[in-house]
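Reading the structure
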Amino acid sequence: MEEAWCRFDRVHCHDVVLRNSMIGGLAMNDHGDRALELFQRMLENGFVPNQSTFVAALCACTHTSQWSMGRCKSHSADDGGEGSQGRGETLNTHHLSPYMKPLGSDYSNGVNFAIAGATATPGDTPFSLDVQIDQFIFYRDRCNDSITRDEPAPLNMLDFERALYTMDIGQNDITSILYLPYDEVLAKLPHFVAEIRKAIEILHKNGARKFWIHGTGALGCLPAKLAMPRASDGDLDEHGCIAKFNNAAKKFNTLLSEACDDLRLLLKKSSIIFVDMFAIKYDLVANHTKHGIEKPLMTCCGHGGPPYNYDPKRSCMGDSKDLCKLGDKFISWDGVHFTDAANSIVASMAISGEYSVPRMKLTSLVKPAKSKAS
């Protein structure tokens, strides 16, 4: 695969067909992250994906973002996004199999419906939240059909009721409009939240009773945003983050938290927990020394060196990248996604209950798997 990548990198003119082949090859050879990064770079460079592009990209979409449902009987839910690895290890469980994984899937403990780059609002991406909800309903109906025919099914209807439904979505919607005037950004946020609320209501109608809903993070602290050209540093806060972007993220979280409050009254006998991911992720920057992090606004894998080590025109996949030293603690891996070290901290804080409304530990909603006797 490395030889194929080197040959691909030496080609000066990459058309859609060549890029599709490379994305598919990376995905099929367990290089899903690199495949998705190439897909993202393809979009940033102005290439229009076709059906084959999406098929190739979907092969790599196993643990990214958005939402999932997991059984409470023996395993926790896994949101498949940043922090999910640390959360799974803390709860002594494993990642949920993705819904669109055709081979080797194990749905006995739940399903991951996450799709890379998905949005809460329909239209901008092929697998937005409404499509993921449709996939869930289809999956639930197929399980029910199998039970009706006395055939084995991964989950029964009681499992769907006992499951924990996690959502971590909306950040792609927000980041896609941050170029707009601030008042226009704020005006669009209620629409994003309305889509998430609608999804929760549909899930509840189809048997869901326990929800773990994440707000968005500190978008103004992402190196990918900080490296964008700006007229002055006047909009940077005391920790070097873009205040306007962070204020938009906090406003989104306020609206989402209020929607959860409202749904808690409306949907009886349900547990709807909102987690303030902004507070968690901003704490990594504001109190980075407490977490053993020296350079909170730099990428571990990027180009250009300080202050952000991020170049939007150059990928972390290239050979000439500036890579942090093994053992160094960074928050950002590539300017957007978190490092394993940061994810571990985020996961521990998220499941602690200290940042949830109402205050509740994730472990109170799920029953961790018991270790097998050796």
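Refer to the structure presented above.
Just so you know, these numbers come straight off a predicted model, no measurement behind them.

Reading the values: rules and limits
- Residues numbered from 1 in each chain as written.
- Predicted model: local features only at pLDDT ≥ 70, side-chain atom pairs only at ≥ 80, totals over all residues.
- Heavy atoms only, no water.
- Helix = DSSP H or I, 4+ residues; strand = E, 2+ residues; numbered from the N terminus.
- Buried < 20%, exposed > 50% of the residue type's maximum accessible area, 1.4 Å probe, protein only.
- Contact = heavy atoms within 4.5 Å.
- Pairing = 2+ DSSP bridges.
- Salt bridge = Lys/Arg side-chain N within 4 Å of Asp/Glu carboxyl O.
- Axes fitted to C-alpha atoms, helices over the stretch in contact; angles between N-to-C directions.
- Parallel < 35°, antiparallel > 145°, perpendicular 65-115°, else oblique.
- Left-handed = near helix turned anticlockwise from the far one by under 90°.
- Nonpolar A, V, L, I, M, F, W, Y, C, P; charged D, E, K, R; others polar.
- Disulfide = S-S within 2.5 Å.
- Phe/Tyr/Trp six-rings, centres within 6.5 Å; stacked < 30°, edge-to-face > 60°.
- Lys NZ or Arg CZ within 6 Å of the ring centre and 35° of its normal.

**Observations regarding the overall build of the protein**
The helix and strand inventory of the protein stands at 13 helices and eight strands. Looking at the protein as a whole, 52% of its 374 residues are labelled buried. Sequence-distant contacts, at least 24 apart, represent 66% of the contacts inside the protein between residues at least 6 apart.

**Some details on the pairing of strand β4 (residues 210–214)**
A large share of β4 lies buried, amounting to five of its five residues. Of the two faces of β4, the one holding Lys210, Trp212 and His214 and the one holding Phe211 and Ile213 are both buried throughout. When β4 meets strand β5 (residues 271–275), the two strands line up parallel, connected through five bridges. Opposite tryptophan 212, over in β5, you have isoleucine 273 as the bridge partner.

**Let's talk about the pattern of salt bridges**
Counted according to the given criterion, the structure contains ten salt bridges. The salt bridge involving aspartate 145 is made with arginine 142; its shortest N-O contact spans 2.6 Å. Of this pair, aspartate 145 and arginine 142 are both found in helix α6 (residues 129–148), three residues apart, which corresponds to roughly one turn of the helix. Residue aspartate 145 is classed as partly exposed on the basis of its relative accessible area, which comes to 27%. Among the ionic pairs, arginine 230 bridges to aspartate 233, the shortest N-O distance being 2.8 Å.

**Focus: the side chain of threonine 216**
Assignment of secondary structure puts threonine 216 in the loop between β4 and α10 (223–226). Relative accessible area serves as the criterion here: at 1%, threonine 216 is assigned to the buried category. Not counting the four nearest positions on each side in its chain, threonine 216 is found in contact with Gln171, Ile174, Ala249, Phe252, Asn253, Met277 and Phe278.

**Some remarks on unusual backbone geometry**
The bulk of non-glycine residues show a negative phi, and the bulk of peptide bonds are trans. Cis geometry marks the peptide bond from proline 306 to proline 307, where omega comes out at 5°. Put simply, valine 357 and proline 358 share a cis peptide bond, and its omega is -5°. With respect to the helices and strands, the residue proline 358 is situated in the segment after β8 (356–357). One non-glycine residue, aspartate 150, lies in the positive phi region at around 60°. Along the polypeptide, aspartate 150 turns up in the loop between α6 and α7 (157–162). You will see that lysine 269, though not glycine, has its phi angle at about 55°, which is positive. Position of lysine 269 relative to the elements: it lies in the loop between α11 (243–266) and β5.

**A look at the packing of helix α9 (residues 182–205) against α11**
At their nearest, the axes of α9 and α11 sit 9 Å apart, and the two run at 30° to each other. As summarised for this structure, α9 and α11 are arranged roughly parallel, according to the angle between their axes. Of the two possible hands of crossing, α9 and α11 adopt the one that is right-handed. Across from Tyr182, Val185, Leu186, Leu189, Pro190, Phe192, Val193, Ile196, Arg197, Ile200 and Glu201 in α9, the residues of α11 making contact are Lys244, Asn247, Ala248, Lys251, Phe252, Leu255, Leu256, Ala259, Asp262, Leu263 and Leu266. Taken together, the residues that form the contact of α9 with α11 break down as 16 nonpolar, one polar and five charged.

**Digging into the state of the cysteines**
Formally, a disulfide is one covalent bond, and it connects the sulfur atom of one cysteine to the sulfur atom of another. On inspection of all chains with the given rule, the structure shows two disulfides. Shown here is the disulfide that connects cysteine 221 with cysteine 241, its sulfur atoms set 2.1 Å apart. Every disulfide takes its handedness from the sign of the S-S torsion; for cysteine 221 and cysteine 241 that torsion is 110°, giving right-handed. Of this pair, cysteine 221 sits in the loop between β4 and α10 while cysteine 241 sits in the loop between α10 and α11, placing them 20 residues apart in sequence.

**Examining the packing of α6 against α9**
It is at 10 Å that the axes of α6 and α9 come closest, and there the two elements cross at 5°. With respect to α9, the axis of α6 lies roughly parallel. The segment α6 lies against α9, with Leu129, Ile133, Phe136 and Ile137 engaging Glu195, Ile196, Ala199, Ile202 and Leu203. Among the residues making up the contact of α6 with α9, the classes are represented as eight nonpolar, no polar and one charged.

**Thoughts on the packing of aromatic side chains**
Evaluated as defined, the whole model comprises ten aromatic pairs. On the basis of an interplanar angle of 85° and a centroid distance of 5.8 Å, the ring pair of phenylalanine 136 and tyrosine 165 is categorised as edge-to-face. Pair noted here: phenylalanine 136 is in helix α6 and tyrosine 165 is in strand β3 (residues 164–168), with a separation of 29 residues, a long-range link. Exposure remark for tyrosine 165: the relative accessible area of 0% places this residue in the buried category. The interplanar angle of 40° and the centroid separation of 5.9 Å between the aromatic rings of tyrosine 165 and phenylalanine 211 together place this pair among those described as tilted. Here tyrosine 165, found in strand β3, pairs with phenylalanine 211, found in strand β4; they are 46 residues apart in sequence, far enough to count as distant. Here tyrosine 165 matches phenylalanine 211 in class, with each residue buried. In this structure, arginine 142 packs its charged tip against the face of phenylalanine 138, placed 4.6 Å from the ring centre. Just above the ring of phenylalanine 338 sits the side chain of lysine 281; from NZ or CZ to the centre is 4.9 Å.

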